Amino acid sequence: MASEPTIEPPSEQGTSHEKSPEQQSIDFAKYPSLQKNMDVESHDGREDKLLRYIYGHPKLDSELRGSPTAILAVMDEFAAQEDFLINIGSNKATILTNFIHEHKPRVFLELGTYVGYSTILFANAMREANHGGEKIHLYSLELDPLIASIAMNLVNLAGLSDIVEIIVGSSAHTLRRLHDQGILEQGSVDMIFLDHAEELYKPDLELCEKLGFVDKKGCHIIADNVVRPGAPEYREYVRGNPRIGKSWGVPALIMPGEFEDEIEISRVA
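The written sequence of each chain sets the order in which its residues are numbered from 1. In keeping with the model being predicted, local features are shown solely for residues with a pLDDT of at least 70 and side-chain atom pairs are shown and tallied solely at 80 or more, while totals for entire chains, interfaces and linings include all residues. Water and hydrogen atoms were dropped before computing side-chain values, which therefore reflect all heavy atoms in the structure.

Moving on to the nonpolar core. Here, the term nonpolar core denotes a set of buried Ala, Val, Leu, Ile, Met, Phe, Trp, Tyr and Cys residues that are joined through side-chain atoms within 4.5 Å. Per-residue accessibility, obtained with a 1.4 Å probe over protein chains only, is compared with the maximum for each type, and a residue is labelled buried under 20%, exposed over 50%, and partly exposed between these values. Within the largest apolar cluster, 60 residues are counted, with the highest numbers of intra-cluster contacts made by Met-75 and Leu-154. Secondary structure follows DSSP: runs of H or I at least 4 residues long count as helices, runs of E at least 2 residues long count as strands, and numbering of each begins at the N terminus. Looking at this core element by element, the count peaks at eight residues for helix H4 (residues 68-81). In this structure, this core is formed jointly by two domains, domain 1 (21-32 + 39-82) and domain 2 (90-268), each of which donates at least three residues. Contacts of Met-75, omitting those with residues within four sequence positions, involve Leu-50, Ile-54, Leu-85, Asn-87, Val-115, Tyr-117 and Leu-154. All domain edges in this entry derive from an automatic or database-based domain assignment. Residue contacts follow a heavy-atom distance rule, with two residues in contact if any of their heavy atoms lie within 4.5 Å.

Okay, structure coming up:
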């Protein structure tokens, strides 16, 4: 998952009690996790803490196990109450679930697994939309093997291991391997989600184009965080790309915190 925008610490000018305008607008009673130091937003042990939080949940067996929606709700709860997580969050989850239900992708490629929030969301939405019983598969790429192991664990807990394959490695190397080994064939991908590192959005999409992953007419490429922290080079590229029939921004909120952002959705002509 790509880093969400840094929440600015209090200004060094003035007293230690002063807060930035953005901080002053945060409902800390609703999102107490945002009161913590936000200089570091991931890969500091909070992901391990999340896993223990879920497995220590009193309703682990009665409600969470085998329920993607219940697991996502607990992940949202943890992000709001305990430690901020760089997941897509509940607002974007609703937008993207509806989009998947509408377009019914059978082969989904995700770049940036993180702890598996969006992976679980997408796979569950694909399964819900697959009324014809056709084979569906989601390939999710994650650079960090330890973070990927947490995602694998949660995907299994959600009962989605038959749909999801999490692959560890750099995005460019893994994309080439998926092509060279014939795992993903030309024109086989219905939907791509970019949410790893904003500076990699453009080169990785260009590589996907080179490998033929976006050759199918109507293939959708979705990019998160194109406003916060921003991906201006990527947006300029997709909006000027002759292979893209249409590309548009969808207003969305980063959760917790309700910070304004956009998702860029591009459709192959």
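And the narrative resumes.
Bringing the environment of Ala-151 into the picture now. Here Ala-151 shows up in helix H7 (residues 145-157). For the pair Ala-151 and Glu-47, spaced 104 residues apart in sequence, the C-alpha to C-alpha distance is 9.5 Å. If we skip the residues at most four places from it in the chain, Ala-151 touches Thr-113, Tyr-114, Val-115, Gly-116 and Ile-166.

This part covers the pairing of strand S6 (residues 244-254). In summary, the side chains of a regular strand alternate between the two faces of the sheet. By the convention used here, strands pair only if DSSP detects at least 2 bridges between them. The pairing of S6 with strand S7 (residues 259-268) spans ten bridges and is antiparallel. Looking across to S7, one finds that Ala-252 is bridged to Asp-261. Turn length for the S6-S7 hairpin, with the two strands adjacent in sequence and antiparallel, is four residues, and the turn residue Gly-257 shows positive phi of about 115°.

On to the packing of aromatic side chains. The criterion for an aromatic pair is that two Phe, Tyr or Trp rings (for Trp, the six-membered ring) have centres within 6.5 Å, with stacked assigned to planes under 30 degrees apart, edge-to-face to planes over 60 apart and tilted to the rest. Under the criterion given, the structure shown has four aromatic pairs. A ring pair is formed by Tyr-53 and Phe-78, whose centres lie 5.2 Å apart and whose planes are at 65°; its orientation type is edge-to-face. In this pair, Tyr-53 is assigned in helix H2 (residues 46-55) and Phe-78 in helix H4, connecting sequence segments 25 residues apart. Their ring planes at 25° and their centres at 4.8 Å tell us that Phe-108 and Phe-122 sit as a pair that is stacked. Here Phe-108 is found in strand S1 (residues 107-111), whereas its partner Phe-122 is found in helix H6 (residues 117-129), with 14 residues between them in sequence. Following the ring pairs from residue to residue traces out a cluster consisting of Phe-108, Phe-122 and Phe-193. Any Lys NZ or Arg CZ found within 6 Å of a ring centre and within 35 degrees of that ring's normal is scored as a charge over the ring. Of note, Lys-202 hangs over the ring of Tyr-237, and the distance from its end group to the ring centre comes to 5.1 Å. Geometry around Trp-248 places Lys-246 over its ring, the cationic atom sitting 5.1 Å from the centre.

As a further point, take the side chain of Ser-247. For Ser-247, the location among the structural elements is in strand S6. Polar contacts, as counted here, are pairs of nitrogen or oxygen atoms within 3.5 Å of one another; within protein the pair requires one atom able to donate a hydrogen and one able to accept it, and residues that are adjacent in sequence qualify only if both atoms are side-chain atoms. Among the polar contacts listed, one links the side chain of Ser-247 to the side chain of Glu-264, at a separation of 2.6 Å. Here the side chain of Ser-247 touches Ser-266 through a polar contact of 2.6 Å, side chain to side chain.

If you trace the backbone, Ser-118 turns up in helix H6. Note on Ser-118: relative accessible area 3%, which makes it buried. Side-chain polar atoms of Ser-118 contact the side chain of Glu-110, separated by 2.4 Å. Excluding its chain neighbours within four sequence positions, the residues that come into contact with Ser-118 are Ile-88, Glu-110, Gly-112 and Phe-193.

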